[in-house]
Amino acid sequence: MRPDLLKMKEVALIYLDRSGGLQKFVDDCKRYNDSKQSYAVYRFIISVNPSDIAELDVALGNQILHKPMKAVQIFQSINIVLKPTHLPPLPSYVLSLCEFPLDYISQRFYMSEGIVIAMGTVVKYTQGARFLCSEETCPFSEGFNYIRVHIPGATESATVRNDFVCSLCASPLQEDMKFRVLGDKQLVEMIDAKALSAFQGYSNNKPHFRIQSFTVFLRDELSNKMKIGNRYRFIGIPACIQNCSQVTVCIEVNSIQLCSPEARGIRHPASSDIFPTVSKDKHGTGTASIQACSALLAKGGICFIGDLLSQKKDKLELLQSVLESRTTTVFIPGKKYGDVDQQVILPIQTSFWTFVDEDSSSKKYVQKDDTLIGKLDLRSISTNLIDAFGLLIHCNELSCQLVLPLLDHIMKKAIDPEEVPYTISQQFRTQDYEELIVFAKNLQVELSSEAERLIHGYYLASRRVRTDSIHGSKLSTSALKILVSLSEAHTKLSLRRKVLEEDVLIAVLLFESSLTLKHGASVFCVAPNAVFPFDLIDENTLQQRDVYLMQCHQQLLQFIATYSPGTRYH
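So, here's what we can say about the structure. (Residues numbered from 1 in each chain as written. Predicted model: local features only at pLDDT ≥ 70, side-chain atom pairs only at ≥ 80, totals over all residues. Heavy atoms only, no water.)

### Describing the packing of helix α14 (residues 449-465) against helix α15 (residues 479-493)
As a packed pair, α14 and α15 sit with axes 10 Å apart at the nearest point and diverge in direction by 140°. In the crossing of α14 with α15, the sense of the turn from one axis to the other is right-handed. On α15, the residues touching Ile455, His456, Tyr458 and Tyr459 of α14 are Ala479, Leu480, Leu483, Val484 and Ser487. (Axes fitted to C-alpha atoms, helices over the stretch in contact; angles between N-to-C directions. Helix = DSSP H or I, 4+ residues; strand = E, 2+ residues; numbered from the N terminus. Left-handed = near helix turned anticlockwise from the far one by under 90°. Contact = heavy atoms within 4.5 Å.)

### Thoughts on the side chain of glutamine 186
Within the secondary structure, glutamine 186 is located in strand β7 (residues 181-191). A polar contact is formed between the side chain of glutamine 186 and the backbone oxygen of glycine 120, at a distance of 2.9 Å. Here glutamine 186 is in contact with Met119, Gly120, Thr121, Val122, Val216, Phe217, Leu218, Ser223 and Asn224, once residues within four sequence places are set aside. (Polar contact = N/O pair within 3.5 Å; in protein donor to acceptor, adjacent residues only side chain to side chain.)

### Let's talk about the pattern of salt bridges
Where charged atoms of side chains with opposite charge meet at close range, the side chains can pair. Going through the model one piece at a time under the given rule, you end up with 22 salt bridges. Between arginine 2 and aspartate 4 there is a salt bridge; the shortest N-O distance is 2.8 Å. You can call arginine 2 exposed: its relative accessible area is 52%. On the basis of relative accessibility, which here comes to 40%, the residue aspartate 4 falls in the partly exposed class. (Salt bridge = Lys/Arg side-chain N within 4 Å of Asp/Glu carboxyl O. Buried < 20%, exposed > 50% of the residue type's maximum accessible area, 1.4 Å probe, protein only.)

### Digging into the pairing of β7
With nine of eleven residues buried, β7 lies mostly within the body of the structure. With five bridges connecting them, strand β4 (residues 123-133) and β7 associate as antiparallel partners. Bridge pairing in β7 places lysine 124 opposite aspartate 184. Relative to strand β8 (residues 214-219), β7 runs antiparallel, the two sharing six bridges. Bridged to glutamate 189 within β8 is threonine 215. (Pairing = 2+ DSSP bridges.)

### Looking at α14
Three- or four-residue spacings in an α-helix give side chains the same orientation, since the helix completes a turn every 3.6 residues. The terminal C-alpha atoms of α14 lie 25 Å apart, and with 17 residues this matches the ideal 24 Å at 1.5 Å per residue to within 8%. Where α14 is buried, its residues touch β18 (446-447), α15, β21 (498-499), α16 (501-519) and α17 (539-563). (Expected span 1.5 Å × (residues − 1).)

### Quick look at the sheet that holds strand β14 (residues 302-307)
On the basis of which strands lie adjacent, the open sheet formed by three strands has the order β11-β14-β17 and parallel pairing. Edge positions in the open sheet fall to β11 (265-267) and β17 (351-355), since each of these has one partner strand only. On average, each strand axis in the sheet is inclined to that of its neighbour by 20°, with strand direction left out of account. Where β11 and β14 come together, three bridges link them in parallel fashion. Note that in β14 the partner of glycine 265 across the bridge is isoleucine 302.

Right, dumping it as structure tokens:
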């Protein structure tokens, strides 16, 4: 044996002993020994820290990083999967499909990341197989002389097919089926996170652009470790896959890490589907692939679906069902995709925004004379669908303007809490506001006892004044949840960790405005633009708004004291 190869074997053994990998190796051997199944190949996963190995032996560390196929050959007669814990934080180890040139040939480890836009069903592939010479007199007609194992980027035909021949007598080789080892395989389509801008209604002023997805392979223990709509950072080996006349660049994933949630918004194209659909896998496997569509691409953020009245009836019924259950079901017919029928239930963690044009809506219906004060004529939309959205806001030119002075004020207070409250704020960039949203979204907040009492007090009082003997209460069962969610959202945007009464007040004003639009005004009468009743031009108007909100707070307490007298404060 070559001295350099012997040295690397010794270093590998030393590293396994120090890192605990040797003990895991022993435990895996016991598991295989206790198994009743016959294996042609024993598969072992070894977690390696490239930095630690490079300190022991630079040559071995370099080979693991740049020639992983050769590195696994140090371990003979078994199927070794090397899993680096990390890669060096250098540009040469980052694989970005947005940058050129791309290195498709070097089969080594790269880091990359992307957002899952489609996911196939889990199917079987051949991990390893044993072949025997068909000539009975040949010495290779028995034993384990011909063992084939899957390598990253290889197709099924590279491991198992019927045209292999014996290297000794040139006779055809036959597979010993009882020694075939199967594993799980899943194909996932991803896009670079930068490509999301194409789904947000703008394209950086570029008249033409193309979104190029890329395919990653998840095998065995990594199957089903990715979820549609999530963003992942992963380590893998790129490879070219030949499919008929097309060559596709794929990445064989080695390890996965879920990225932190980010603020995300999707503008739904009217010509496409809002919720996931099923199509055939484009790589020719014949299996089903679930496409994300707008709802899952906006996971954790907002999906703006445009004019609600432009959607067809069946789409609106599906939207209502999803809003109520927060899940959607995808049916995969087995007859079409060569398997049994399947139903996949996907959680929908997205906020949906839409609008209804009053002018276009009023053309279909004549305004009724007995319409309550403040109530919008929404007969063109089912009541259940309106309630499923949770919050209804009446927008005009004034209320739709950006309230930048308020945002500047919040940012300034976060930077310097001791500063005079109403000094002129510095100018902030769009990126600053985006970072504010991301930071605020990840804050963990809790309800103060005063805030909780105020929410329950308003809820009970509002149920009492909005209940009649014929239709019962007009408050939906989700009212409390909406009030708590709005209160927590205002707390996060204010960069605090405890929900205060001032946060509940904003939630109540928004919610009461929504109720007024749906059912008309109540005893607790609020202004049409209750949260921003007048223009916010500068810091002086912010001070006026604070005075106005304190008056609203007193009115809320009086409303609760009158219609829910059991609730006590201070």
